[in-house]
Amino acid sequence: MPALTFVTAHDIASIRTMAGLATPMALRVAVTLGLPDRLRGDGVSTEQVATELNVSPVALELLLGHLATLGIVERASTGHRTTDYGASLCADADNGLVNFLHLDMAGGRAEMALVELLHSITTGGAAYPRRHGQDFWADLARFPHLRESFDQQMTHRFRDQVPQILAGYDWGRFPTVVDVGGGHGTLLAAILAAHPRMRGHLVDLEPTADGARGTFAAQRLADRAQVTAGSFFDPLPRGADAYLLCDILHDWDDDGAHRILGRCVEAVPPTGRVLVIEPVGGRRDSTGFDLAMLAIFGGRERRIDELDALAAAHGLTLDAVTDVSDQRCLLEFRLAATG
Ligand SMILES: C[S@@+](CC[C@H](N)C(=O)[O-])C[C@H]1O[C@@H](n2cnc3c(N)ncnc32)[C@H](O)[C@@H]1O
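**Details of the overall build of the protein**
Link 1 in the chain: The number of helices and strands found in the protein is 17 helices and 9 strands.
Link 2 in the chain: Within the span of the protein, comprising 339 residues, buried residues form 44% of the whole.
Link 3 in the chain: Excluding contacts between residues fewer than 6 apart, the proportion of contacts in the protein whose partners are at least 24 apart in sequence is 64%.
Link 4 in the chain: For the protein, the accessible area works out to roughly 16600 Å², and carbon and sulfur atoms hold 57% of it.

**Considering the site of the ligand**
Link 1 in the chain: In the region of the ligand, 20 residues are neighbours, and Arg147, Gly181, Asp204, Phe232 and Cys246 sit closest.
Link 2 in the chain: A distance of 2.9 Å is found between an oxygen atom of the ligand and a side-chain nitrogen or oxygen belonging to Arg157.
Link 3 in the chain: Contact with the protein chains covers 94% of the free accessible surface of the ligand, which is 590 Å².

**Thoughts on the sheet that holds strand β3 (residues 176-180)**
Link 1 in the chain: In space, the 7 strands of this open sheet follow the order β5-β4-β3-β6-β7-β9-β8, with mixed pairing throughout. At either end of the open sheet lies a strand with only one pairing partner, and these are β5 (225-229) and β8 (316-323). Going from strand to strand, the sheet's axes swing by 20° on average, the running direction of each strand aside.
Link 2 in the chain: With 6 bridges joining them, strand β7 (residues 273-278) and strand β9 (residues 329-335) adopt antiparallel strand pairing. Across the sheet, the residue bridging to Glu278 is Cys329, located in β9.
Link 3 in the chain: Where helix α13 (residues 186-194) meets the sheet, it contacts β3, β4 (199-204), β5, β6 (242-246) and β7, and its direction lies at approximately 175° from that of β4.

**Re the pairing of strand β2 (residues 79-82)**
Link 1 in the chain: Both strand β1 (residues 73-76) and β2 contribute to a ladder of 4 bridges, which runs antiparallel. Residue pairing for β2: Glu74 is matched across the bridge by Arg81.
Link 2 in the chain: In this structure, the hairpin formed by β1 and β2 is closed by a connection of 2 residues.

**A short note on the domain arrangement of the protein**
Link 1 in the chain: Domain boundaries assigned for the protein yield domain 1 (9-92) and domain 2 (156-285 + 297-335).
Link 2 in the chain: Measuring from the centre of the C-alpha atoms in domain 1 to the corresponding centre in domain 2 gives 41 Å.

**Digging into the environment of Leu118**
Link 1 in the chain: With respect to the secondary-structure elements, Leu118 resides in helix α8 (residues 117-123).
Link 2 in the chain: By relative accessible area, Leu118 is classed as exposed at 67%.
Link 3 in the chain: Each C-alpha atom, one on Leu118 and one on Pro279, is 25 Å from the other, the two residues being 161 residues apart in sequence.

**Describing the nonpolar core**
Link 1 in the chain: With 45 residues, the main nonpolar core has Phe136, Tyr243 and Leu245 as its most contacted residues.
Link 2 in the chain: Here this core takes 6 residues from helix α15 (residues 254-267), the largest share from any one element.
Link 3 in the chain: In contact with Tyr243, not counting residues within four places along its chain, are Val178, Val180, Leu236, Pro237, Arg238, Cys264, Ala267, Val268, Pro269, Arg273, Val274 and Leu275.
Link 4 in the chain: Counting residues in each nonpolar core, the second largest holds 28 residues, with Val162, Leu187, Leu275 and Ile277 among its members.

**Some words on the layout of surface pockets**
Link 1 in the chain: Estimated volume of the second largest pocket: approximately 300 Å³.
Link 2 in the chain: If you trace the second largest pocket, you find it lined by Met18, Leu21, Pro24, Met25, Arg28, Glu111, Met112, Leu114 and Val115.
Link 3 in the chain: The dominant element in the lining of the second largest pocket, judged by the number of residues it contributes, is helix α2 (residues 22-33), at 3 residues.
Link 4 in the chain: In terms of residue class, the lining of the second largest pocket is made up of 7 nonpolar, no polar and 2 charged.

**Thoughts on unusual backbone geometry**
Link 1 in the chain: The omega angle of the peptide bond from Glu206 to Pro207 is 5°, so this bond is cis rather than trans.
Link 2 in the chain: Tracing the chain through its elements places Pro207 in the loop between β4 and α14 (208-218).
Link 3 in the chain: A positive phi angle is found at Asp94, which is not glycine, with a value near 60°.
Link 4 in the chain: Among the secondary structure elements, Asp94 is positioned in the loop between β2 and α6 (97-101).
Link 5 in the chain: Of note, Arg220 is a non-glycine position whose phi angle comes to about 55°, a positive value.
Link 6 in the chain: Topologically, Arg220 is positioned in the loop between α14 and β5.

Reading the values: the criteria
Residues numbered from 1 in each chain as written. Predicted model: local features only at pLDDT ≥ 70, side-chain atom pairs only at ≥ 80, totals over all residues. Heavy atoms only, no water. Helix = DSSP H or I, 4+ residues; strand = E, 2+ residues; numbered from the N terminus. Buried < 20%, exposed > 50% of the residue type's maximum accessible area, 1.4 Å probe, protein only. Contact = heavy atoms within 4.5 Å. Areas by Shrake-Rupley, 256 points an atom, 1.4 Å probe, with all protein chains shown as cover. Near = heavy atom within 4 Å. Polar contact = N/O pair within 3.5 Å; in protein donor to acceptor, adjacent residues only side chain to side chain. Pairing = 2+ DSSP bridges. Axes fitted to C-alpha atoms, helices over the stretch in contact; angles between N-to-C directions. Domains from an automatic or database assignment. Core = buried A, V, L, I, M, F, W, Y, C linked by side-chain atoms within 4.5 Å. 1 Å grid on protein atoms, 1.4 Å probe; cavity = no way out; pocket = protein on both sides within 12 Å on 5 of 7 lines; lining within 4 Å. Points joined across faces, edges and corners; volume = space filled by probe spheres on them. Nonpolar A, V, L, I, M, F, W, Y, C, P; charged D, E, K, R; others polar.

The structure is reproduced here in structure tokens:
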């Protein structure tokens, strides 16, 4: 065992900083209370904000004191005000942080599953149900505001990725594509817009499917983009040339992933393809994200050989792996018996 004298006071302080929950929670509570927005402009007294928000003035002062040490707020003669840095936590900052931190939005609520990480490490399964009483998807079904914030988060995260994925692969080869769990349809809409002879069919749960209808209508693609509200654990529309699973399998444990792949294989014709787009495991430094995927979904970013093995169980052969964006690979599978 190494002698403790090798551990400096600085080492201990830095481990405490890494491990302390006060800062992550202070940021989350600040965003949930809307403090960065409320304290924009001139300083506001703690008493006034506490009255407006119906919170304890003494406790709020402690929170603001900590946020000041982080540079999120600063003290002015009239009270606390949000700094330029802290404004990145305002609702209109449009950088995804509010959804990530807000305790009553999908992203922030999901992150709190990490508090139960021990459960995930012990069982290998999701900690979200232990934290919130039901799994992530059931929670979204029960609380429409969570579903809405999740769909927004998904669309937001893909803003830079969609043009890359579109340019990084020959989508025009496929006259028809089914986007399985296609969300609000941002990617499918971009593919169809770029390839006027293609037709698409998106499957997702309501009300997300309805959001996809809105996307296609707004982009005048409704005549080529069908939407079915339903589960990918049920039979999928049959006979398309390609079945796209974009960021789907990593949300599920092996059992769930097998069931989804099974539905794709049962629907795909002998010459069709199953296309898996994911941030493939082992390709980037995403250890923290790996733990989050485990705690939230019981899922993970599988390596290429793991995805290959998963698909092989359904008679799929991996034909090609393409880096379609700086974060994601596309794995193209065909039925093993076909060329
Ligand atoms: C991580 S998001 C990916 C969305 C989209 N493919 C994208 O890349 O933007 C996962 C999607 O799976 C959908 N989903 C979850 N469970 C589903 C189910 N049982 N059947 C169909 N879709 C489901 C969610 O509604 C969500 O849109």
